[in-house]
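Structure assessment
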Amino acid sequence: MRLPDLNHWKRRNSRIAVVFIAVLALGAGGFVAGRHLASAPAEAGNPASPLDLGTISGSDATPPGPDVTPVPGSTPDTTKPFWFIPYANAERDAPKFHGTLNGIEFGAQSGALPACAKPATPDDWKKAVAGTFYDLKLDSLPDGVEPREFARVGKCADDGRPIWIIAEVHLEGITGVNNGGGSIQISRWEAVRWYPQEFPPERFSTGTIAGRPAVFADSFLPVIGVAAVVVSDAENGGSTMLLGNAVSVDVLKQVAEALYK
Amino acid sequence: MKHLVRWLPALAAACGLLLGMATAEVGHATTYTFNVYNYPGTHSSTATLNCGWHVICEGDNPYDGPGLDWHNSSSEGSNTVNWRSFSANDQSYGYAGSVQVQDGTSGSCHTARAALFSPSGAALDRINYLHTSPYGTGGYTAINSGSWPASTEFRVGTTVDNDCGQFAAHLHQERDSSNWTKNYYPTRANCENGSGCSGYINISVWSNYQHHRTRYASGY
């Protein structure tokens, strides 16, 4: 009878043990890698620029209070929840321009209104404005601008002429509009060349829209807050205002140009 | 058997990877859903409907629309206009976003616009309060939220009598986007058919909201 080769068994067992440990180590490594991959933050905003607002929709972070303003010269950190509020606070507290630019008065609480003893509402606003200066041609606006199906119109019951129109359009998916969408209130008034809206003086600039004198007011941050374009109209001695929410002033200018085509 | 031994390391790594992914905690960032319910902004916590869903409650103008008219007159003791909301979310976050009051006034028509923004600054459309002189423009007010509906109320303006030179004092409150859904209230057409536009509603009751919107995204 031949005795077993004990050295052979020892060598074989130690080889098996090494392989077993290696397999365990690979499994553990895979486990760690798997957990890391699955728990990586999902679309946390990834702001490539101050305009890329990300998709953070909820937060346990307490929003900055009304007295919190940004450190002077600091760059907005759009990865932080409510990052824009200190900038809005600073804008709210900044001195505002009250005066007239290109014939349009800002920061005014009253002024000339249409000469009309009996302002009224037309029965059918589309008929009331058809073929008049108050037909805003909302169907021919640039791509990405979705007109609502209605507008409000005021007429003068004395002679039936329209004297104002206020409409809203929604914008989405175009450059210069907040990634949640934006909107523009378009109003055209006879005789009105004054507005209560206030902006710091450095937000204003002047120019022309469709060859008409115009005033531009930029928002305090691109695509956050309010921007405006006001155009002086010779046809009715009044003006047309585009008041944007979460829309850049450049987009407002494009839409304004389209209104006069 | 030799094949099995050869592939054993790869098999172990793959099994570990799958097991790790399956058991990973995803608490840092996760899918998030919140709901915001917007209520009539009348000065009182009871509100009376003047006109069902409409654009302008006169003539042949549309008999359905984005807004409702509510009694709100200084003859009732106050004519303030308020943002009112309840908000809840599935992550128990404390805030759904913030609202900026904007001045939408032009000519003799006064409007306070309440623009909702997410914590990241994404615009989430507006609720417009017509015939309303705005109050507290420019600043942002946080919208409380939680696993149970949390309320937020603050003043956005004051009802203007004879607004646009023609409208008697009332609050017209409307959405600016169909992202806000409309609640059960009747249309103008139904009101004019006599299908019930009268009587008080208690706006402290959750189900009496006017508009509602949901948003899905990731959050922290």
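Before any of the text, the structure's been laid out above.
Summarised in this report is the structure supplied together with it.

The rules we used
- Residues numbered from 1 in each chain as written.
- Chains lettered and ligands numbered in written order.
- Predicted model: local features only at pLDDT ≥ 70, side-chain atom pairs only at ≥ 80, totals over all residues.
- Heavy atoms only, no water.
- Helix = DSSP H or I, 4+ residues; strand = E, 2+ residues; numbered from the N terminus.
- Buried < 20%, exposed > 50% of the residue type's maximum accessible area, 1.4 Å probe, protein only.
- Contact = heavy atoms within 4.5 Å.
- Areas by Shrake-Rupley, 256 points an atom, 1.4 Å probe, with all protein chains shown as cover.
- Phe/Tyr/Trp six-rings, centres within 6.5 Å; stacked < 30°, edge-to-face > 60°.
- Salt bridge = Lys/Arg side-chain N within 4 Å of Asp/Glu carboxyl O.
- Pairing = 2+ DSSP bridges.
- Axes fitted to C-alpha atoms, helices over the stretch in contact; angles between N-to-C directions.
- Disulfide = S-S within 2.5 Å.
- 1 Å grid on protein atoms, 1.4 Å probe; cavity = no way out; pocket = protein on both sides within 12 Å on 5 of 7 lines; lining within 4 Å.
- Points joined across faces, edges and corners; volume = space filled by probe spheres on them.

Some thoughts on the overall build of chain A
Helix and strand counts for chain A stand at four helices and 11 strands. Burial analysis of chain A (261 residues in total) assigns 47% to the buried set. Sequence-distant contacts, at least 24 apart, represent 61% of the contacts inside chain A between residues at least 6 apart. Taken as a whole, chain A presents about 12800 Å² of accessible surface, with 57% of it coming from carbon and sulfur.

Digging into the packing of aromatic side chains
Overall, the coordinates contain 18 aromatic pairs over all chains when judged by the stated rule. Ring centres of A:Phe133 and A:Tyr134 lie 6.1 Å apart, and the angle between their planes is 75°; on these two criteria the pair is classed as edge-to-face. For the residue pair A:Phe133 and A:Tyr134, the accessibility class agrees, reading buried in each case. The interplanar angle of 90° and the centroid separation of 5.5 Å between the aromatic rings of B:Trp70 and B:Tyr185 together place this pair among those described as edge-to-face. Pair noted here: B:Trp70 is in strand β3 (residues 67-70) and B:Tyr185 is in the loop between β12 (181-182) and α2 (188-192), with a separation of 115 residues, a long-range link. Neither B:Trp70 nor B:Tyr185 differs from the other in exposure class; each is buried.

Quick word on the pattern of salt bridges
Any two side chains of opposite charge can pair, so long as their charged atoms come close to each other. Residues and elements named next belong to chain A. Considering all chains together, one arrives at 16 salt bridges over all chains under this definition. The salt bridge involving Arg203 is made with Glu91; its shortest N-O contact spans 2.6 Å. With Arg203 in the loop between β7 (194-195) and β8 (204-209) and Glu91 in helix α2 (residues 85-93), this pair connects stretches of sequence that are 112 residues apart. With a relative accessible area of 21%, Arg203 lands in the partly exposed category.

Notes on the sheet that holds β8(A)
Residue and element names in this part refer to chain A. With antiparallel pairing, the eight strands of this open sheet are ordered in space as β3-β4-β5-β6-β11-β10-β9-β8. Edge positions in the sheet fall to β3 (119-120) and β8, since each has one partner strand and no second. In this structure, strand β5 (residues 162-171) lies alongside strand β6 (residues 182-189), joined through eight bridges in antiparallel fashion. The residue bridging Trp164 from the neighbouring strand is Trp189, located in β6. Set on the sheet, helix α4 (residues 249-259) makes contact with β4 (145-156), β5, β6, β8, β9 (212-217), β10 (226-232) and β11 (239-245); between it and β10 the angle comes to about 30°.

Let's talk about the state of the cysteines
Taken as a whole and assessed by the stated rule, the structure comprises three disulfides over all chains. Between the sulfur of A:Cys116 and that of A:Cys156 lies a disulfide, 2.2 Å long from S to S. Handedness here is read from the sign of the S-S torsion; for A:Cys116 and A:Cys156, about 100°, the answer is right-handed. Taken together, the positions of A:Cys116 in the loop between β2 (104-106) and β3 and A:Cys156 in strand β4 put the pair 40 residues apart, joining distant regions of the chain. Exposure remark for A:Cys156: the relative accessible area of 0% places this residue in the buried category. Across a sulfur-sulfur distance of 2.1 Å, B:Cys109 and B:Cys164 are joined as a disulfide pair. Looking down the S-S bond of the B:Cys109 and B:Cys164 bridge, the torsion is 140°, so its handedness is right-handed. Linking B:Cys109 in the loop between β5 (95-103) and β6 (111-117) with B:Cys164 in the loop between β10 (150-159) and β11 (171-175), this pair joins segments that are 55 residues apart in sequence.

Regarding the layout of surface pockets
When its volume is computed, the largest pocket comes out at roughly 560 Å³. A:Gln197, A:Glu198, B:Asp103, B:Thr137 and B:Gly138 are, among the 27 residues lining the largest pocket, the residues nearest its centre. Of all the secondary-structure elements, those providing two or more residues to the lining of the largest pocket are α2 of chain A together with β5 and β8 (132-134) of chain B. When residues of the lining of the largest pocket are assigned to their parent elements, the largest contribution, four residues, is made by β5(B).

Overview of the sheet that holds strand β13 (residues 200-202) of chain B
All names here are of chain B. As summarised here, the arrangement of the eight strands in space is β9-β5-β6-β7-β11-β3-β2-β13, forming an open sheet in which the pairing is antiparallel. This sheet does not close on itself; its edge strands, each paired only once, are β9 (140-144) and β13. The sheet shows a mean angle of 35° between the axes of neighbouring strands, taken without regard to direction. As paired elements, β6 and strand β7 (residues 123-130) share six bridges and run antiparallel to each other. Within β7, the residue paired with Ala112 across the bridge is Tyr129.

Overview of unusual backbone geometry
Of note in this structure, A:Phe82 is not a glycine but carries a positive phi near 60°. Tracing the sequence through the fold places A:Phe82 in the loop between α1 (6-38) and α2. What makes A:Phe82 buried here is its relative accessible area of 1%. You will see that B:His131, though not glycine, has its phi angle at about 55°, which is positive. Summarising the element assignment, B:His131 is placed in the loop between β7 and β8.

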